[in-house]
Amino acid sequence: MWAIIVDLTPASARPYVGGSQRNSVVELMIGYNGINRLLGMQRNASGAPPAGITDSSSYHPNQSPDNPPYPPFAQPPPGVGGGPPFPPASRPSDDIFAQEIGTPSAIRLFVPPLAKELSWLLPFGLVCLIGLTITAHPSRPLAAEHQAVILWGGWLLIGLVFFSVANFFHDYYLIMLAAPLAAVIGSGVAVWWRKREQGWVQWTLALAAAGTLAFQWWLARQYGQDAWWLRLAAIGLASGLIALLMGHRWLRQMAFVAAYAFLVVAMLITPLAWSVLTVAEQNPDVALPGAYVGSQFGTGLLAPAEAPAFPNQHPPDQAADPSTLLAFLQAHTQGIDYLVAVPSAQIGAPLVLATGRPVLYIGGFSGSDPVIDAEGLAELVAAGRLRYVLFGGRAQSNQISAWLQTRCAPVAGFREGTQVLYECVRK
């Protein structure tokens with residue numbers, strides 16, 4: 001309902017819907033955040049860059065509000081200038097997203113690069129879900145425990161299927177599966193504890209724990225880890241198995257309590273250690289956050305001095321010194337609404353934070369939204385609301401470039417690389 005109300009509101013009476021090409025929330029839901037997430041981000045229906053983009057060779061089909069071009073005033077992304085790169089376990093691909101999320105497959109969530117985000121306990125969680133399904137005896141109306149299995153199990157399975165086949169998302173999106181996975185594991189352990197006297201339950205738990213710990217050890221090794229806490233987890237597993245065997249002969253109740261505690265705690269050691277390494281990361285990617293990438297490929301506590309750069313990446317466009325530019329704009333825009341117009345929020349946000357002044361984002365968040373055209377800019381200049389436009393770089397509009405070159409003049413001293421500051425004087 002909210003989306004329909006926004007779309008029915010005249011465009012002049014509301015903000016532009018960022019990420020859409022037709023200023024529509026419904027389009028954003030069905031297209032960009034719907035079909036495109038599943039099938040992959042497309043340039044447009046014909047496969048060409050969006051209208052107005054002149055540099056098609058450097059335009060990437062997955063350039064989007066999630067994956068913007070690198071602005072001159074923002075920090076370079078991970079892998080450029082010292083940020084953490086994607087682990088090389090990713091398969092080579094022309095699609096930059098494959099370097100972050102791998103390629104669609106049934107085992108995508110069990111192998112790098114995605115496995116580090118969620119999958120440390122995923123094998124055990126799936127065994128728990130199977131156990132909950134087998135031991136449930138549903139009746140109508142459904143009891144609360146059966147409703148919980150449908151809710152949490154359905155949520156988890158749908159998410160696992162989607163992220164196994166989808167082409168356009170970021171690795172941190174897997175956080176949405178943390179809640180159902182935790183609920184399924186907690187429910188499974190609780191049910192197995194109630195049925196602990198049954199031999200098949202005891203050994204199912206033991207085998208599931210052993211398999212999960214073997215997977216955790218293998219996965220940690222994929223990211224260059226062979227730390228002491230892996231051995232501690234192995235000791236916990238061995239202690240749990242010994243206690244389980246003892247429970248069949250001596251101190252039955254005490255031994256089973258110890259066995260369950262050792263097995264569960266052993267499985268939690270590696271996820272806990274990885275969480276600590278993630279929090280302690282020295283140079284985290286604040287734009288696209290993710291779990292610790294490992295001692296061989298990251299920049300955390302155990303990382304090498306230098307990390308390789310991202311594949312298929314371009315260095316940031318060069319521009320004039322930000323402090324000099326800010327001082328100039330502040331001094332020459334008194335009484336004018338906008339400090340400057342820039343291609344995107346990625347470029348303009350640091351200017352807003354530094355000055356508290358309004359900055360016009362010509363292309364919305366990432367530079368690909370048709371928020372305003374040359375005619376709109378001309379109207380703002382004629383009304384005395386805009387004087388300077390910082391423009392250029394990759395993915396620039398033909399129409400706006402032509403208007404700037406014929407109607408405005410470059411400001412001396414503020415042209416470096418592909419970024420040009422134009423002065424547009426009202427006539």
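Computed from a predicted structure; not experimentally measured.

## Side note on the confidence of the model for the protein
Next up, step 1: Averaged over the protein, the pLDDT score is 80; the fraction of residues at 70 or greater is 79%.
Next up, step 2: Overall, residues 43-94 carries pLDDT values under 50, and its contacts beyond four positions in sequence, including any with other chains, amount to 123 contacts.
Next up, step 3: Note that pLDDT drops below 50 for residues 297-319; the model gives that stretch 69 contacts with residues more than four away or on any other chain.

## Some words on the packing of aromatic side chains
Working definition: an aromatic ring pair is given by the centre-to-centre distance plus the angle between the planes.
Next up, step 1: Counted by the stated rule, this structure contains 16 aromatic pairs.
Next up, step 2: When the ring of Y32 is compared with that of F168, the centres are 5.4 Å apart and the planes differ by 75°; the resulting orientation is edge-to-face. Here the residue Y32 occupies a position in helix α2 (residues 25-39), and F168 occupies one in the loop between α6 (144-165) and α7 (178-194), the gap between them amounting to 136 residues. Accessibility assignment for this pair places Y32 and F168 in one class, buried.
Next up, step 3: What links up through ring pairs into an aromatic cluster is the set W120, Y223, W229, W274 and Y292.
Next up, step 4: Over the ring of F168 we find R37; its NZ or CZ atom is 4.3 Å from the centre of that ring.
Next up, step 5: In this structure, R196 is placed above the aromatic ring of W193, and the distance from its NZ or CZ to the ring centre is 3.8 Å.

## Focus: the state of the cysteines
Defined simply, a disulfide is a covalent bond joining two cysteines at their sulfur atoms.
Next up, step 1: For the structure on display, the rule yields 1 disulfide.
Next up, step 2: The disulfide partner of C408 is C424, and the S-S distance across this bridge is 2.0 Å. Judged by the sign of its S-S torsion, about 105°, the cystine formed by C408 and C424 is right-handed. In this pair, C408 sits in the loop between α14 (398-407) and β4 (409-416) while C424 sits in the segment after β5 (419-423), placing the two residues 16 residues apart along the sequence. There is no split in this pair, since C408 and C424 are both buried.

## Overview of the nonpolar core
It is characteristic of soluble globular proteins that their nonpolar side chains tend to be buried jointly.
Next up, step 1: Grouped together as the largest cluster of nonpolar side chains are 54 residues, with contacts concentrated most on F124, W192, W229 and W274.
Next up, step 2: At the level of elements, α4 (115-118), α5 (122-135), α6, α7, α8 (199-222), α9 (228-246) and α10 (252-279) are the ones that each hand at least two residues to this core.
Next up, step 3: Here this core gets 10 residues from one element, more than from any other, and that element is α10.
Next up, step 4: The residues touching W192, leaving out its near neighbours within four places in the chain, are F124, V127, C128, G131, V201, T204, L205 and Y260.
Next up, step 5: With 19 residues, the next largest nonpolar core counts A374, V389, C408 and V420 among its residues.

## A look at helix α13 (residues 374-382)
Next up, step 1: Within the span of α13, buried status applies to A374, G376, L377, L380 and V381. The arc enclosing the buried residues of α13, seen along the axis, measures out at 160°, which places them on a common side.
Next up, step 2: As for α13, its buried residues are in contact with β1 (341-342), β2 (360-361) and α14.
Next up, step 3: Residue D373 occupies the N-cap position of α13, its side-chain oxygen lying 3.3 Å from the main-chain nitrogen of E375.
Next up, step 4: A positive phi of about 75° marks G384, the residue just after α13.

## Digging into the pattern of salt bridges
Next up, step 1: Summed over all chains, the structure comprises 5 salt bridges.
Next up, step 2: Two residues, D171 and K116, come together in a salt bridge whose shortest N-O distance is 3.8 Å. Of this pair, D171 sits in the loop between α6 and α7 while K116 is found in helix α4, placing the two residues 55 residues apart along the sequence.
Next up, step 3: What makes D171 buried here is its relative accessible area of 5%.

## Digging into the pairing of strand β3 (residues 388-392)
Each regular strand displays side chains that alternate between the two surfaces of the sheet.
Next up, step 1: Taking burial as the measure, the 5 residues of β3 include 5 buried ones, the bulk of the element.
Next up, step 2: The alternating pattern of β3 places Y388, L390 and G392 and V389 and F391 on opposite faces, both of which are buried.
Next up, step 3: In terms of strand pairing, β3 meets β5 through 5 bridges, oriented antiparallel. Considered in β5, the bridge of L390 is made with L421.

## Some details on α2
In an α-helix, one turn spans 3.6 residues, which is why side chains three or four residues apart end up on the same side.
Next up, step 1: Taking 1.5 Å of rise per residue, the 15 residues of α2 would be expected to cover 21 Å, and the 19 Å separating its terminal C-alpha atoms lies within 8% of that figure.
Next up, step 2: If you follow the buried residues of α2, they end up packed against α1 (2-8) and α6.
Next up, step 3: Remark: G40 follows α2 within two positions and exhibits a positive phi of approximately 110°.

## Points about the packing of α7 against α10
Geometry of a packed helix pair, given as the angle between the helix axes and the separation of the axes.
Next up, step 1: The geometry of α7 relative to α10 is characterised by a closest axis approach of 12 Å and an angle of 160° between their N-to-C directions. Considered as vectors, α7 and α10 are oriented roughly antiparallel to each other. The handedness of the crossing between α7 and α10 is right-handed. Contacts between α7 and α10 involve V189, W192 and W193 from the former and F256, V257, Y260 and V264 from the latter.
Next up, step 2: Here the residues of the contact of α7 with α10 sort into 7 nonpolar, no polar and no charged.

## As for a nonpolar patch on the surface
Next up, step 1: The grouping of I4, L8, V26, M29, I30, I35, L38, L39, V161 and V165 at the surface amounts to a nonpolar patch, some 930 Å² of accessible area in total.
Next up, step 2: Those elements that place two or more of their residues in the nonpolar patch are α1, α2 and α6.
Next up, step 3: Looking at the nonpolar patch element by element, the count peaks at 6 residues for α2.
Next up, step 4: Within the element layout of this structure, V26 appears in helix α2.
Next up, step 5: Accessibility expressed as a relative area gives 31% for V26, which makes it partly exposed.

Cut-offs applied
- Residues numbered from 1 in each chain as written.
- Predicted model: local features only at pLDDT ≥ 70, side-chain atom pairs only at ≥ 80, totals over all residues.
- Heavy atoms only, no water.
- pLDDT = per-residue confidence, 0-100.
- Contact = heavy atoms within 4.5 Å.
- Phe/Tyr/Trp six-rings, centres within 6.5 Å; stacked < 30°, edge-to-face > 60°.
- Helix = DSSP H or I, 4+ residues; strand = E, 2+ residues; numbered from the N terminus.
- Buried < 20%, exposed > 50% of the residue type's maximum accessible area, 1.4 Å probe, protein only.
- Lys NZ or Arg CZ within 6 Å of the ring centre and 35° of its normal.
- Disulfide = S-S within 2.5 Å.
- Core = buried A, V, L, I, M, F, W, Y, C linked by side-chain atoms within 4.5 Å.
- Arc of directions from axis to C-beta.
- Polar contact = N/O pair within 3.5 Å; in protein donor to acceptor, adjacent residues only side chain to side chain.
- Salt bridge = Lys/Arg side-chain N within 4 Å of Asp/Glu carboxyl O.
- Pairing = 2+ DSSP bridges.
- Expected span 1.5 Å × (residues − 1).
- Axes fitted to C-alpha atoms, helices over the stretch in contact; angles between N-to-C directions.
- Parallel < 35°, antiparallel > 145°, perpendicular 65-115°, else oblique.
- Left-handed = near helix turned anticlockwise from the far one by under 90°.
- Nonpolar A, V, L, I, M, F, W, Y, C, P; charged D, E, K, R; others polar.
- Patch = residues over 30% accessible without salt bridge, like charges linked within 9 Å, V, L, I, M, F, W, Y side chains within 5 Å.
- Areas by Shrake-Rupley, 256 points an atom, 1.4 Å probe, with all protein chains shown as cover.

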